[in-house]
Amino acid sequence: MKASAFAYARATSVSDALELLHAHRDRAKVLSGGQSLMPAMNLRLISPELIVDIGELAELRGIAVTGNLLRIGALTRHVELARSPEIAAQAPLLAEAIAHVAHPAIRNRGTLGGSLAHADPASELPACMLALNATVIVRGRTGERRIAAQDFFTGIYETALSPEELLVAVELPAKPKNSAHFFHEFARRHGDYAITGLAAQALVDGDTLSDLRLAFFAAGDRPVLTKAASKLVGRAVTPAVLADAYGALSEELDPHDDQQASAAMRRHLAKVLLVRCVATLLRRPDLDAGGSA
Ligand SMILES: Cc1cc2nc3c(=O)[nH]c(=O)nc-3n(C[C@H](O)[C@H](O)[C@H](O)COP(=O)(O)OP(=O)(O)OC[C@H]3O[C@@H](n4cnc5c(N)ncnc54)[C@H](O)[C@@H]3O)c2cc1C
């Protein structure tokens, strides 16, 4: 199948793109790397009247470290994130996660902004934004809004973006000293969407964790920054503490059944991920000795 007929405009500046979006509202769609938009159009899941191509807007590209902040332009491609020394040094969780996003051909075109705006609940990068405490920066004709990543994702393929706004960048705190991260996903094949996954970062001080941010994906209608993390911070972690944390996590997750896995299987995998994550962050393989898989 091919897409329905549509008009095409190549934006010459951010303001030009915003004028076009304002004029056409929800009849228009932004095109970045096209790796999700074009398949959806070809399957006629969506039929926008106008495509606003922002791919030439150099001001939306690039990775910069300023003081304690890392700013990543929305048009930065997955491959650029994977190869960036700034990302490797300041957001190693993101560097690790990128390798799990689709395949090289898609990573060569797909962008960070496109992945976040698309908001697939099984996507890796939205969960990383929660784990890394990112701020999403969006721009409309009347100015910019800064939205905490945990408030940006509002449902399956839904975000806080209005049809007249562009996602222009994200900002992340640079990697704190004594921080450690964890990323793992269960997928049928490397590069497939996750069945369930976890992106996490914490401060580690000897035997204890603080500022633990556990972001599960493919475990609900959006990435989940679990409050159960509070059960694991500032104390010695024992199997009983872990069990308590899992009990709390289970109440927060709302996984679905599909052809890949049942909701019960996803809950089980979330528990496995929680145990592995804490064992990895604390370098305590004994916590995972029961063979959580
Ligand atoms: C075979 C295959 C496998 C895949 N596997 C994975 C996977 O494992 N994990 C994963 O996360 N993704 C996967 N994807 C999806 C894909 O990697 C990302 O969704 C994609 O990279 C999104 O970026 P893009 O630049 O291509 O966005 P586009 O396709 O251009 O746009 C996606 C959506 O976001 C909107 N949009 C784009 N940029 C902006 C912006 N700056 N401001 C506002 N709205 C915007 C568009 O209008 C559209 O609705 C896969 C895709 C394919 C085809």
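Residues numbered from 1 in each chain as written. Predicted model: local features only at pLDDT ≥ 70, side-chain atom pairs only at ≥ 80, totals over all residues. Heavy atoms only, no water.

> Could you give an account of the site of the ligand, naming the residues involved and the relevant values?
As a structural note, the neighbourhood of the ligand is formed by 29 residues, with Val30, Ser32, Ser36, Thr111 and Ser123 the closest of them. Contact distances for the ligand include 2.7 Å between an oxygen atom and a side-chain N or O atom of serine 123. Contact with the protein chains covers 89% of the free accessible surface of the ligand, which is 970 Å². Counting only elements with at least two residues in the shell around the ligand, the list comes to strand 2 (28-31), helix 7 (112-118) and strand 10 (166-173). Residue classes in the shell around the ligand are distributed as twelve nonpolar, 14 polar and three charged. (Near = heavy atom within 4 Å. Polar contact = N/O pair within 3.5 Å; in protein donor to acceptor, adjacent residues only side chain to side chain. Areas by Shrake-Rupley, 256 points an atom, 1.4 Å probe, with all protein chains shown as cover. Helix = DSSP H or I, 4+ residues; strand = E, 2+ residues; numbered from the N terminus. Nonpolar A, V, L, I, M, F, W, Y, C, P; charged D, E, K, R; others polar.)

> Just give me the short version of helix 10 (residues 239-252), but keep the residues and values in it.
Relative to the 20 Å expected for 14 residues at 1.5 Å per residue, helix 10 spans 20 Å between its end C-alpha atoms, a close match to the ideal helical length. Every buried residue of helix 10 is accounted for by Val241, Leu242, Ala245, Tyr246 and Leu249. All buried residues of helix 10 project into a common sector of 135° when viewed along the axis, lining one side. Those residues of helix 10 that are exposed and angled more than 90 degrees off the buried face are Ala240, Ala243 and Glu251. At its buried positions, helix 10 is contacted by strand 13 (208-217) and helix 11 (263-281). (Expected span 1.5 Å × (residues − 1). Buried < 20%, exposed > 50% of the residue type's maximum accessible area, 1.4 Å probe, protein only. Arc of directions from axis to C-beta. Contact = heavy atoms within 4.5 Å.)

> Can you lay out the nonpolar core for me, pointing to particular residues and giving the numbers?
Judged by nonpolar contacts, the single largest core of 37 residues is most densely connected at Ile72, Leu94, Leu112, Leu116, Met129, Phe152 and Leu172. When residues of this core are traced back to their parent elements, those giving at least two are strand 5 (69-73), helix 5 (92-98), helix 7, helix 8 (124-131), strand 6 (135-140), helix 9 (149-152), strand 10 and strand 13. Element by element, the count of residues in this core is highest for helix 8, at six residues. Discounting residues that sit within four places of it in the chain, methionine 129 has contacts with Leu94, Leu112, Leu116, Ala134, Ala149, Val170 and Leu172. Core analysis: the next-biggest nonpolar cluster, separate from the first, contains 36 residues, Phe186, Leu198, Leu209 and Leu253 among them. (Core = buried A, V, L, I, M, F, W, Y, C linked by side-chain atoms within 4.5 Å.)

> Tell me about helix 11, residues and numbers included.
For helix 11, with 19 residues, the first-to-last C-alpha span of 27 Å sits near the 27 Å given by 1.5 Å per residue. For helix 11, every residue scored as buried is listed here: Ala263, Arg266, Leu269, Ala270, Val272, Leu273, Leu274, Val275, Cys277, Val278, Ala279 and Leu281. Contacts from the buried residues of helix 11 go to strand 11 (179-186), strand 12 (196-205), strand 13 and helix 10. A positive backbone phi angle near 55° is found at arginine 283, which sits one or two residues after helix 11.

> Tell me what's going on with the state of the cysteines, and back it up with residues and numbers.
Working definition: the covalent bond between the sulfur atoms of two cysteines is a disulfide. On inspection of all chains with the given rule, the structure shows zero disulfides. Free cysteine: cysteine 128, not disulfide-bonded; nearest cysteine sulfur from cysteine 277 at 12 Å. (Disulfide = S-S within 2.5 Å.)

> Give a description of the packing of aromatic side chains that names residues and reports values.
The geometry of an aromatic ring pair is captured by two quantities: the separation of the ring centres and the angle between the planes. Within the structure shown, the criterion is met by two aromatic pairs. Ring centres of phenylalanine 152 and phenylalanine 153 lie 5.1 Å apart, and the angle between their planes is 90°; this geometry places the pair in the edge-to-face category. Comparing phenylalanine 152 with phenylalanine 153 shows no difference in burial state: the two are buried. Centroid distance phenylalanine 183 to phenylalanine 217: 5.7 Å. Interplanar angle 20°. Geometry classified as stacked. With phenylalanine 183 in strand 11 and phenylalanine 217 in strand 13, this pair connects stretches of sequence that are 34 residues apart. Side by side, phenylalanine 183 and phenylalanine 217 carry an identical accessibility label, which is buried. (Phe/Tyr/Trp six-rings, centres within 6.5 Å; stacked < 30°, edge-to-face > 60°.)

> Kindly report on the sheet that holds strand 6, identifying the contributing residues and their values.
The sheet built from five strands is open, its strands ordered 4-5-10-6-7 with antiparallel pairing. Each edge of the open sheet is held by one strand with a lone partner, namely strand 4 (63-66) and strand 7 (143-148). Averaged over all pairs of adjacent strands, the angle between their axes in this sheet comes to 25°, without regard to strand direction. Sheet topology places strand 5 next to strand 10; five bridges connect them, and they run antiparallel. In the sheet register, glycine 73 faces strand 10, and the bridge partner there is alanine 169. Against the sheet, helix 1 (residues 14-24) makes contact with strand 6 and strand 10, and its axis sits at roughly 125° relative to strand 10, the strand it touches most. (Pairing = 2+ DSSP bridges. Axes fitted to C-alpha atoms, helices over the stretch in contact; angles between N-to-C directions.)

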